[in-house]
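# Structural description and commentary
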Amino acid sequence: MRAAIFLDRDGTLIREVGYLSSLTQIEILPDVPKALKLLKSLGYLLIIVTNQSGVARGFFDEPFVLQVHSVLQERFIEQGARIDAFYYCPHHPTEGKPPYDIDCDCRKPKTGMLKKAASEHDIDISRSWVIGDSLVDAQLAQNAGCKGIFLKVDCDLLLPPCCIVKPDLWEAASYIASQGALR
């Protein structure tokens, strides 16, 4: 079985803009392609897992989410990096319109997206990492039983014991590299 890095999208790979609604708003954060290349060189699969409740709320549709992911993949490939898979949750448990206004198992911090990725890509979640900039990402790591990195410059939140804090994706990737090779 393989190990993966499960990456949040907004605020982790690209600048957080609230509800991304235009491709012109996509801005890859500094050193992200370099960090992705480092993680890939260590043998990890790179999997994006992102809540996209803007679909449920009617701000954008699923084809737009797929288009954003296609643009991201193109830009990463241009810079020598590649994402292995993209997973997103279009639902919200209390807001939005049918069929998206449901309490699903894929909305982070629930583990549905990770389980689906593990099944489809032969991933050992216990050897994997979750990296994100939101408390739900830290909770996802704990709920899934893997390690987590919370991206914040200053953090006074009480995080699960499985999580450490790093300021950005490059520092997170460097930390993972310092932990030694995959076994």
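Residues numbered from 1 in each chain as written. Predicted model: local features only at pLDDT ≥ 70, side-chain atom pairs only at ≥ 80, totals over all residues. Heavy atoms only, no water.

Put simply, the rule is: UniProt positions are given in the numbering used here, feature names are shortened, and annotations may be inferred rather than shown by experiment.
The name given to the chain in an unreviewed UniProt entry is D,D-heptose 1,7-bisphosphate phosphatase, and the organism recorded there is Acetomicrobium flavidum. A UniProt comment under Sequence similarities (unreviewed entry) is attached to the chain, and it reads "Belongs to the gmhB family."

## Thoughts on the pattern of salt bridges
Going by this rule: Only one rule defines a salt bridge in this text: a Lys or Arg side-chain nitrogen within 4 Å of an Asp or Glu carboxyl oxygen. Here a strand is any run of E in DSSP of at least two residues, a helix any run of H or I of at least four, and the numbering for each starts at the N terminus. Relative accessible area decides the class of each residue, using a 1.4 Å probe on protein chains only: under 20% of the type maximum gives buried, over 50% gives exposed, and in between gives partly exposed.
Inspection of every chain in the model, using the stated rule, returns eight salt bridges. A salt bridge links K108 to D137; its shortest N-O distance comes to 2.7 Å. Highlighted residues: K108 in the loop between β3 (85-89) and α3 (112-121) and D137 in helix α4 (residues 135-144), separated in sequence by 29 residues. When its relative accessible area of 5% is taken as the criterion, K108 is described as buried. Connected through shared salt-bridge partners, D8, K108 and D137 make up one network.

## Let's talk about the side chain of D137
What counts, and what does not: For this analysis, a polar contact is any N or O atom pair within 3.5 Å, provided that within protein one partner can donate a hydrogen and the other can accept it, and provided that sequence-adjacent residues contribute only side-chain to side-chain pairs. Any two residues whose heavy atoms approach within 4.5 Å are treated as being in contact.
By relative accessible area, D137 is classed as buried at 3%. A distance of 2.7 Å separates a polar atom in the side chain of D137 from a polar atom in the side chain of K108. In contact with D137, not counting residues within four places along its chain, are D8, K108, V130 and G132.

## Points about the pairing of strand β5 (residues 147-151)
Test applied: Paired strands are those between which DSSP finds at least two bridges. By definition, the crossover connecting two strands over a helix is right-handed if that path, from the first strand to the second, turns clockwise as seen with the strands pointing away from the viewer.
With four of five residues buried, β5 lies mostly within the body of the structure. Pairing geometry for strand β4 (residues 129-132) and β5, over four bridges, is parallel. Note that in β5 the partner of I131 across the bridge is I149. You can see the chain leave β4, run along α4 and come back into β5, and the turn it takes is right-handed. Pairing of β5 with strand β6 (residues 163-166) involves four bridges; the strand directions are parallel.

## Some remarks on the state of the cysteines
To be explicit about the condition: Disulfides are defined as cysteine sulfur pairs within 2.5 Å.
Under the counting rule described, the total for this entry stands at zero disulfides. Unpaired in this structure, C106 has its nearest cysteine sulfur neighbour in C89, at a distance of 3.3 Å. C146 takes part in no disulfide bond, and the closest cysteine sulfur to it belongs to C162, at a distance of 6.8 Å.

## Some remarks on the environment of S134
By the secondary structure assignment, S134 is in the loop between β4 and α4. When the C-alpha atoms of S134 and A4 are compared, they prove to be 19 Å apart, with 130 residues separating the residues in sequence.

## A look at unusual backbone geometry
Cis geometry is adopted by the peptide bond preceding P99, which originates at P98 and carries an omega value of 5°. On the secondary structure map, P99 appears in the loop between β3 and α3. Cis geometry is adopted by the peptide bond preceding P109, which originates at K108 and carries an omega value of 20°. Its place among the elements puts P109 in the loop between β3 and α3. Unusually for a residue other than glycine, D122 sits at a positive phi of about 55°. In this structure, D122 sits in the loop between α3 and β4. A residue is classified by how much of its surface remains accessible, and D122, at 43% relative accessible area, is partly exposed.

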